[in-house]
There are 2 protein chains.
Amino acid sequence: MVTIYDIAKKANVSPMTVSRVINNSPLIKESTRLKVQQVIQELEYIPNKQARSLTSRETKLVSLVLPDISNPFFTNIARGAEDKALQLGYQLILGNTDENKEKENKYVNMLMSTGVDGVLFVPTGDASAANLKKLIKRNVPFVFIDRTIDSIQADVISGDNPDTTRQLVNHLIELGHTRIALINGPTDLSNARERAQAFKDTLTLAGIGHDPKYMIETHFRKDNLNEIVSKLFSFQKDERPTAILATNNFIGVNTLRALRALQIRVPEDVSVACFDDPDIIPDYNPFLTVAKQPAYDMGFLGMQLLIERIQQAAPASYRKIVLPAELVIRGSTSPKT
Amino acid sequence: MVTIYDIAKKANVSPMTVSRVINNSPLIKESTRLKVQQVIQELEYIPNKQARSLTSRETKLVSLVLPDISNPFFTNIARGAEDKALQLGYQLILGNTDENKEKENKYVNMLMSTGVDGVLFVPTGDASAANLKKLIKRNVPFVFIDRTIDSIQADVISGDNPDTTRQLVNHLIELGHTRIALINGPTDLSNARERAQAFKDTLTLAGIGHDPKYMIETHFRKDNLNEIVSKLFSFQKDERPTAILATNNFIGVNTLRALRALQIRVPEDVSVACFDDPDIIPDYNPFLTVAKQPAYDMGFLGMQLLIERIQQAAPASYRKIVLPAELVIRGSTSPKT
DNA sequence: TATTTTTATGTTACCGATAACATAAAAATA
DNA sequence: TATTTTTATGTTATCGGTAACATAAAAATA
């Protein structure tokens, strides 16, 4: 490996002079600069970042810890985050937690050892607090994305959960639905809690009221929901839901599949809407009515907040950026029959 | 930051003893080991990987350089690669080239500086050779995934391009199509070349023959193909293609969109099939007939080959693993009318 | 008990860069 | 020309680990 010592020897200068040239120090004579740069070119020298970070105390590495990159919502977040990171000279380390606290813990430990300068973080649940406290102790800044942890202060980028829920529920109400079921993620996640609350509030405000039997809690993962859905439809005919709101794309698709397995037609027998598009390149005939959260922008802005924080260019008080979603009405929702 | 020196002082041993405990050296007295481990726990010591890699000459970082993580084909590759990396104790740095040689070059330079132990590489084209030669010079192993570069030797994981093309073309032929157009990626990419060749061969073998006017070259990116498609349909009626084969998912969707814009119906007026599903969670009613390449496995196996290579556990001769695709027939292809 | 061997621990130097200080050369001033 | 100031370069120590060698303590052997 070519080092500054090799360059120094060949250029007849001290290693420190080479270092100065590399770092564009202004106190270098033009002739020396040229001579050294020439040798750098010649030997194809590339600075060793590990050595550098030992003194500089920064690695120019950041991480994005999220549940599953193959969820298109997170795929877009990742793309936005990587774009911003590259633009600002950082490299992105990716981690998939699968909503699993042990995996999350493993990543946090590895990342601290690797010395990442900061983490864009989608927590797996309230138990993430312990992991985040480790980061705080080590002075590793992080930014919450999509979800927060009440007990931990940090910058936040999230969708507008109350407003988005309201949009979706009101869309269903406008179609004449009154028995609307909510299939939600685990309520130890802030976004699931906020969506559940807004769901109830919106129904109450519309004078419909809510009933716990229509509010189901499951996971934000690919899963089989046959049992849950069949239970919803085991009610008496005039008690069965005529619409289902799924609080993320995986739940939306899980629900569609369960309905198909149970031979319940969509939208004839039941309307279905969800948060986030399951398709990243909407196909010819996308089917699901969704509220599209601006995932790419969330990743992009999140990375920006993070790097500002890393470079101490951020205000002392934590920022919370809430982005609106766009309702896209498609074939999976129709007027109540 | 807590270092081995802090541990050493508190435990009344030398830093080297601490280092030995951390690395499970067998020459440590049990009582010392316990004492040191106790202090490590107490001070929540975490080893500094940068310092370590300075002597060990490995960073336990690997990179995946691909065109665009938001293409579901590559999303799945990424997920597979990350899973394997984590399993073997490596962290994954992600890079999106957007099929752009300059971006690719930028990543390669950054990665060498960062000191990644290896790279899983989807080259952007023949011009990638220069970048790869830099890696070779620095002794950074890499594995090709999806595409190769003729002039560069390395392990390879790819789909079975000839066989997959054959499956798709034969499916169209069986439906009665004879005027089949190919909308392909740039033929300075090995996969595009192989697909073009197999396309011609399959048609020839079927006694249909091929015509350059039905073979279009474009990009493997999201793009507007209105012009290209409208040209194909500007032929006399009995010369117009009745089927289109797109060589990746983006081209497939681009084509569908162009056809819709031109009010050409699918599959009534023209059948469309492509490589790789555009949807990662196939929606309720996926439309496109596709050949699904096993992207997750490609990423997983690719990472395995790479890490074997890094750890010098690989055979001297380069390995090439070719994985078959699965034809999924859906509504975008139908018998010729 | 003295000597050798084994086991456990410590010392020193180094990985590749840079910060902080020291010094030499050149330019400006007296 | 001598002295001061400025500019350019060099030296030394350090970041946090570990390899290689050195040495001390304990155990085994003579």
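Residues numbered from 1 in each chain as written. Chains lettered and ligands numbered in written order. Predicted model: local features only at pLDDT ≥ 70, side-chain atom pairs only at ≥ 80, totals over all residues. Heavy atoms only, no water.

**Q** Lay out the overall build of chain A with the relevant residues and their values.
**A** What chain A contains, in helices and strands, is 12 helices and 12 strands. For chain A, the C-alpha radius of gyration of 26 Å lies well beyond 20 Å, the compact-globule estimate for 337 residues. Viewed in the frame of its principal axes, chain A has a C-alpha envelope of about 90 × 45 × 30 Å. For chain A, buried positions account for 58% of its 337 residues. Residue pairs at least 24 apart in sequence account for 72% of intrachain contacts in chain A once pairs closer than 6 positions are excluded. Of the roughly 13900 Å² of accessible surface on chain A, 50% is carried by carbon and sulfur atoms. Side chains of chain A carry 40 positive and 38 negative charges; the gap between the two charge centres is 6 Å. (Helix = DSSP H or I, 4+ residues; strand = E, 2+ residues; numbered from the N terminus. Rg over C-alpha atoms; globule rule 2.2 N^0.38 Å. Buried < 20%, exposed > 50% of the residue type's maximum accessible area, 1.4 Å probe, protein only. Contact = heavy atoms within 4.5 Å. Areas by Shrake-Rupley, 256 points an atom, 1.4 Å probe, with all protein chains shown as cover. Lys, Arg positive; Asp, Glu negative; His and termini not counted. Charge placed at Lys NZ, Arg CZ, Asp CG, Glu CD.)

**Q** Now, about the packing of helix H8 (residues 161-174) of chain B against helix H9 (residues 190-205) of chain B: what can you tell me, with residues and values included?
**A** All names here are of chain B. The interhelical angle for the contact between H8 and H9, taken along N-to-C directions, is 45°, at an axis separation of 8 Å. What the angle tells us is that H8 and H9 run oblique. In this structure, H8 meets H9 at a crossing whose hand is right-handed. Across from Asn-161, Pro-162, Thr-165, Arg-166, Val-169, Asn-170 and Ile-173 in H8, the residues of H9 making contact are Asn-191, Glu-194, Arg-195, Ala-198, Phe-199, Thr-202 and Leu-203. Among the residues forming the contact of H8 with H9, the class breakdown is six nonpolar, five polar and three charged. (Axes fitted to C-alpha atoms, helices over the stretch in contact; angles between N-to-C directions. Parallel < 35°, antiparallel > 145°, perpendicular 65-115°, else oblique. Left-handed = near helix turned anticlockwise from the far one by under 90°. Nonpolar A, V, L, I, M, F, W, Y, C, P; charged D, E, K, R; others polar.)

**Q** Kindly report on a positive patch on the surface, identifying the contributing residues and their values.
**A** Residues Lys-222, Arg-257 and Arg-260 of chain A together with Lys-292 of chain B make up a contiguous surface patch of positive charge. Along the chain, Arg-257 of chain A turns up in helix H11 (residues 249-261). (Patch = residues over 30% accessible without salt bridge, like charges linked within 9 Å, V, L, I, M, F, W, Y side chains within 5 Å. Salt bridge = Lys/Arg side-chain N within 4 Å of Asp/Glu carboxyl O.)

**Q** Go over the nonpolar core, please, and point to the residues and values.
**A** Membership of the largest hydrophobic core comes to 52 residues, with the highest contact counts inside it found for Leu-64 and Met-303 of chain A together with Leu-64 and Met-303 of chain B. Sequence-distant contacts of Leu-64 of chain B, defined by excluding residues within four places in its chain, comprise Ile-77, Ala-78, Ala-81, Leu-92, Ile-93, Leu-94, Gly-95 and Leu-120 of chain B. Counting 40 residues, the second-largest nonpolar core is a separate cluster that includes Val-116 of chain A together with Ile-93, Phe-121 and Ala-129 of chain B. (Core = buried A, V, L, I, M, F, W, Y, C linked by side-chain atoms within 4.5 Å.)

**Q** How would you explain the sheet that holds strand S3 (residues 118-121) of chain A if you had to name every residue and give the values?
**A** If you trace the 12 strands from one edge of the open sheet to the other, you get S11(A)-S5(A)-S4(A)-S3(A)-S1(A)-S2(A)-S2(B)-S1(B)-S3(B)-S4(B)-S5(B)-S11(B), paired in mixed fashion. Strand pairing shows two members of the sheet lacking a second neighbour, strand S11 (320-323) of chain A together with strand S11 (320-323) of chain B, which therefore form its edges. Going across the sheet, the axis of each strand differs from the next one's by a mean of 20°, ignoring polarity. The pairing of strand S1 (residues 61-66) of chain B with strand S2 (residues 91-96) of chain B spans six bridges and is parallel. Across the sheet, residue Val-62 of chain B finds its bridge partner in S2 of chain B, namely Leu-92 of chain B. (Pairing = 2+ DSSP bridges.)

**Q** Give a description of the interface of chain B and chain A that names residues and reports values.
**A** Interfaces are often described in size by the accessible area the parts lose on coming together. In this assembly, 62 residues from chain B lie in contact with 61 residues from chain A. Here chain B meets chain A over a buried area of about 5600 Å², counting both sides, of which 56% is carbon and sulfur. Put simply, chain B and chain A have six salt bridges between them. A salt bridge links Lys-137 of chain B to Glu-44 of chain A; its shortest N-O distance comes to 2.7 Å. Looking at the side of chain B that touches chain A, the elements that each hand over two or more residues are helix H4 (49-56), helix H5 (72-87), S2, helix H6 (101-114) and helix H11 (249-261) of chain B. Residue contributions to the side of chain B that touches chain A peak at nine residues, all from H6 of chain B. (Buried area = accessible area lost by both parts, 1.4 Å probe.)

**Q** Residue-level account of H6 of chain B, with values.
**A** Residue and element names in this part refer to chain B. Taking 1.5 Å as the rise per residue, H6 with 14 residues should run 20 Å; its terminal C-alpha atoms sit 20 Å apart, in good agreement. The distance from a side-chain oxygen at the start of H6 to the backbone nitrogen of Glu-102 is 2.7 Å, and the residue carrying that oxygen is Asn-100. Just downstream of H6, Gly-115 is the residue with a positive phi angle, here 85°. (Expected span 1.5 Å × (residues − 1). Polar contact = N/O pair within 3.5 Å; in protein donor to acceptor, adjacent residues only side chain to side chain.)

**Q** Could you give an account of the relation of the copies chain B and chain A, naming the residues involved and the relevant values?
**A** The two copies are related by a screw motion: chain B maps onto chain A through a turn of 180° and a shift of 0.1 Å along the axis, at an RMSD of 0.1 Å. The superposition of one copy onto the other is thereby described by a two-fold rotation axis. Closest approach to the rotation axis within chain B is made by the C-alpha atom of Ile-93 of chain B, at a distance of 2.2 Å. (Least-squares fit on C-alpha atoms with pLDDT ≥ 70 in both.)

**Q** For the environment of Thr-242 of chain B, give the residues involved together with the corresponding values.
**A** Residues and elements named next belong to chain B. By secondary structure assignment, the location of Thr-242 is in the loop between helix H10 (226-232) and strand S8 (243-246). Accessibility expressed as a relative area gives 11% for Thr-242, which makes it buried. The spatial distance from the C-alpha of Thr-242 to the C-alpha of Phe-300 is 38 Å, given a sequence separation of 58 residues. Within the structure, the side chain of Thr-242 is placed 2.7 Å from the side chain of His-177, a separation counted as a polar contact.

**Q** Provide a residue-level description of the sheet that holds strand S9 (residues 271-275) of chain B, including the pertinent values.
**A** All names here are of chain B. Strand order in the open sheet formed by six strands is S7-S6-S8-S9-S10-S12, and the pairing between neighbours is mixed. Edge positions in the sheet fall to strand S7 (215-217) and strand S12 (326-328), since each of these pairs with one other strand and no more. Sheet twist, expressed as the mean angle between neighbouring strand axes with direction ignored, is 15°. Where strand S6 (residues 180-184) lies against S8, four bridges are found, and the strand directions are parallel. Bridging from a neighbouring strand, Ala-181 pairs with Ile-244 of S8. Strands in contact with H8 are S6, S8, S9, strand S10 (289-292) and S12; relative to S9, the strand with the most contacts, it is inclined by about 170°.

The quantities given are spatial measurements derived from coordinates; they are silent on function.
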